[in-house]
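Summary of structural features
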Amino acid sequence: MYVKRHAVRRGEKRYVYLRLVESYRDDQGRVRHRVLKTLGREEELKASGQLEQLAGSFARLDPPLHGVRREVGPLLLVRHFTAQLGIAEAVDRLLPQRGRSQLSAGEVVCALVASRLASPSPLYDVAGWASQAALQELFAIPPALLNDDRLGRALEAFHPVAEEVRGAVALRAIERFGQDAARLHLDLTTVRVCGAYERSALVQKGWGPDRRVARQVRVLEATNAAGVPLYVRPDPGSAAELTLIGSALERLRELLPEGLVVVADAALGNIKPLCTADQAGLRFVVPLRMVSGFRERFLSEVGHEALRPLRYVSERERRLPNARRTRYRGALRSFEVEDSESGERRSFRVAYIHSSEEAREVGAARERALATAEDALRRIERGLGGRHYKTKAQVDRRLARVLAPVEGLIEAHSGLADGRPTLAWRRDKQAIAEAARTDGLSALCTNLRGRLSASQVLRTYKQQWLVERRHRDLKGSLKVRPIFLQNDDRIAALISVIGLALLVFGLIESELRRRLGEGAELPGLLGESRSARPTGRTIIAAFQGLGLTYTPNGIRLDRLTPTQRLILDLLDVRVPWPEQPEPALSKCGRWS
């Protein structure tokens, strides 16, 4: 059965009709054709959208030929977790679609999530990837329908409801997989974008982690203690960190039950935002900034003699001998502050933490800065009276730039002698010694109640690497860049979809680790049959090369490796097809 174009001339006009034609054999075995139905005029079907619906219907019914192979890879895992999270249902509930002839917005989102996990690449030729992957077999999504226009329209439709879908999927992950959302680690990262984007309200110039200004989109992630990014949201590239984190906290407070503990970086480390968070009922662990005055309060109220050794070893130092490990000392003290808006007194607690490694690095960095400044001062001294330093004003301007990084640590004076500028300087040893008193010192502020120790506060904050690792997965494993889009709505929607893929990525890792057991390794996960603790990246890589084949007896899956079979069994993933039979050897040693 197929669709045939039939042209008819009426006078000078030419009309094209679409007919549904069936092939059959007559009594003599000859191939004949008969028209089952005239579908209508081609131009009218195009104008009404019915032609696209027909094409979609036929795409769903078109079976591949025997011998055709499809790449399965990690799609078995992706289908299982997207179905458990109800991603397609959450999207389609907000963006209902008529009939089944075309793809719904939920199906497009699931296809993009599957594409990003199974074959991370820019949003280009998704239909080409889908035609080689088992997308239709597992998700019932015809590859022919994933053209660029449909993907773009689906992203534009998804953007207004992305926030609601994010919340619904996060709650589903908490409910279905028992993910703990009592403590969330918040952090911002940037996605750098190439291109002009002159009229964009999303892609804007802003400061990045490398302290450079570039066109970017900010991405906020909230990861739980198991390393699952429950909430990923794109924001304008020029927006202030404090504003974005504040709005995210309000949304999370609405979404999650009371008692949420937030661990964030120093963006919240000023007194005013901490008072606001405390007033809103949020619990937090946040490092204080220097402007909060914690160093002065430490020297006047606590002192180094009050610090006690803390039993904490970071993951990267566990295999090092004790002599090479960082030594931590700390003390927990009350921290009374005044709310600048209400005038109320608020009582926090601060864990003063001293790190031997940080103290060593800070001292070395200061010494390097002093040496660099002194080299620059010697060059100025050699050039006094020359064309660059003819006047005292020229010398003073240069001194201001040279001494800025070591302000207060070097005393330098310029003058005039016989009409020629002079220069004298020396290190201020007393100021250097005073600055060194707080080397390696940090302060972690919290409003957690109950019994608490400096070690507990330190351990809680040191888990911030969980969200930073998800930043790496967003840019590395899932390849959020480059973004071949210009429309703001489409860019924001695509990053939101990749955020859902990152949630699935984290769930796969978290669930497998939980079912393996604390600290257990998965046999055969790495090359040469080596065991390792599973990560999202290695789990997905373990399924690369797995495919299916259409045979006269139906679909047959390639034989699973012991590692693949163990992963599927641990995660309760059902395999929908039988495996290829294991080849047997004849008695003479040949394949039978």
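Here is a short report on the structure shown in this document. (Residues numbered from 1 in each chain as written. Predicted model: local features only at pLDDT ≥ 70, side-chain atom pairs only at ≥ 80, totals over all residues. Heavy atoms only, no water.)

**As for the overall build of the protein chain**
When you go through the protein chain residue by residue, the secondary structure sums to 20 helices and 20 strands. Over its C-alpha atoms the protein chain spans a radius of gyration of 32 Å, topping by over 25% the 25 Å that the globule rule assigns to 592 residues. Considering only C-alpha atoms, the protein chain reaches an extent of 120 × 70 × 60 Å along its principal axes. For the protein chain, contacts bridging at least 24 residues in sequence account for 62% of all contacts bridging at least 6. Carbon and sulfur atoms make up 48% of the accessible area of the protein chain, which totals about 31,100 Å². Looking at charge distribution, the protein chain has the averaged site of its 96 positive side-chain charges lying 4 Å from that of its 71 negative ones. (Helix = DSSP H or I, 4+ residues; strand = E, 2+ residues; numbered from the N terminus. Rg over C-alpha atoms; globule rule 2.2 N^0.38 Å. Contact = heavy atoms within 4.5 Å. Areas by Shrake-Rupley, 256 points an atom, 1.4 Å probe, with all protein chains shown as cover. Lys, Arg positive; Asp, Glu negative; His and termini not counted. Charge placed at Lys NZ, Arg CZ, Asp CG, Glu CD.)

**Concerning empty space enclosed by the protein**
Throughout the structure, instances matching the rule amount to 3 cavities of 30 Å³ or more. Reported here for the largest cavity is a volume of approximately 60 Å³. As for the largest cavity, its lining consists of L112, S115, R116, S121, P122, L123, V126, L494, V497 and I498. Elements that contribute at least two residues to the lining of the largest cavity include exactly α5 (105-118) and α18 (488-516). Taken together, the residues of the lining of the largest cavity sort by class into 7 nonpolar, 2 polar and 1 charged. If you add up the space inside the second largest cavity, you get close to 50 Å³. Lining the second largest cavity are R166, P229, L230, Y231, V232, G499, L500 and L503. Of all the elements in the fold, those that place two or more residues in the lining of the second largest cavity are β8 (229-236) and α18. (1 Å grid on protein atoms, 1.4 Å probe; cavity = no way out; pocket = protein on both sides within 12 Å on 5 of 7 lines; lining within 4 Å. Points joined across faces, edges and corners; volume = space filled by probe spheres on them. Nonpolar A, V, L, I, M, F, W, Y, C, P; charged D, E, K, R; others polar.)

**With respect to the sheet that holds strand β20 (residues 554-557)**
Spatial strand order, β4-β19-β20: 3 strands in an open sheet with antiparallel pairing. This sheet does not close on itself; its edge strands, each paired only once, are β4 (69-71) and β20. Direction aside, neighbouring strands of the sheet carry axes that sit 25 degrees apart on average. As paired elements, β4 and strand β19 (residues 547-551) share 3 bridges and run antiparallel to each other. Within β19, the residue paired with E71 across the bridge is G547. (Pairing = 2+ DSSP bridges. Axes fitted to C-alpha atoms, helices over the stretch in contact; angles between N-to-C directions.)

**Here's the deal with unusual backbone geometry**
Following R481, the chain continues into P482 via a peptide bond in cis, with omega recorded as -5 degrees. Turning to its location among the elements, P482 is positioned in the loop between α17 (465-475) and α18. Of note in this structure, D125 is not a glycine but carries a positive phi near 50 degrees. Structurally, the position occupied by D125 is in the loop between α5 and α6 (126-132). Given a relative accessible area of 42%, D125 falls into the partly exposed group. (Buried < 20%, exposed > 50% of the residue type's maximum accessible area, 1.4 Å probe, protein only.)

**Re the packing of helix α9 (residues 162-177) against α18**
For any two helices packed against each other, one specifies the inter-axial angle together with the distance between the axes. Where α9 contacts α18, the axes come no closer than 11 Å and their chain directions differ by 10 degrees. Between α9 and α18, the interaxial angle falls into the category roughly parallel. Together, A162, V165, R166, V169, A173 and F177 of α9 and S496, L500, L503, L507 and E511 of α18 make up the contact between the two elements. By residue class, the composition of the contact of α9 with α18 is 8 nonpolar, 1 polar and 2 charged. (Parallel < 35°, antiparallel > 145°, perpendicular 65-115°, else oblique.)

**Side note on the layout of surface pockets**
Quantified by volume, the largest pocket comes out at close to 1,200 Å³. Surrounding the largest pocket, 44 residues form its lining, E315, Q463, W465, L466 and R533 being those nearest its centre. Looking at the lining of the largest pocket, the elements with two or more residues in it are α16 (454-462), α17, α18 and α19 (536-541). A total of 7 residues in the lining of the largest pocket trace back to one element, the largest contributor, which is α17. Looking at the lining of the largest pocket residue by residue, the classes come out as 10 nonpolar, 12 polar and 22 charged. Of the pockets and cavities examined, the second largest pocket occupies roughly 770 Å³.

**Quick notes on helix α11 (residues 271-279)**
Among the residues of α11, P273, L274, C275, A277 and D278 are the ones counted as buried. Structurally, α11 contributes buried residues whose contacts are with α10 (241-255), β10 (283-287), β12 (328-338), β13 (345-355) and β16 (441-446). Once α11 ends, the next one or two residues include G281, with phi positive near 90 degrees.

**Notes on the packing of aromatic side chains**
Applying the stated criterion across every chain, the model contains 4 aromatic pairs. Taking 5.6 Å as the distance between ring centres and 80 degrees as the angle between the ring planes, the aromatic pair formed by F284 and F348 counts as edge-to-face. Pair noted here: F284 is in strand β10 and F348 is in strand β13, with a separation of 64 residues, a long-range link. The class for F284 is buried, based on a relative accessible area of 3%. A ring pair is formed by Y312 and Y328, whose centres lie 5.4 Å apart and whose planes are at 75 degrees; its orientation type is edge-to-face. (Phe/Tyr/Trp six-rings, centres within 6.5 Å; stacked < 30°, edge-to-face > 60°.)

**A closer look at the packing of helix α4 (residues 87-94) against α5**
Two elements in contact, α4 and α5, have axes separated by 7 Å at closest approach and are oriented at 145 degrees. By crossing handedness, the relation of α4 to α5 is classed as right-handed. Contact residues: α4 offers I87, A88, V91 and D92, while α5 offers A105, G106, E107, V109 and C110. A per-class count over the contact of α4 with α5 returns 6 nonpolar, 1 polar and 2 charged. (Left-handed = near helix turned anticlockwise from the far one by under 90°.)

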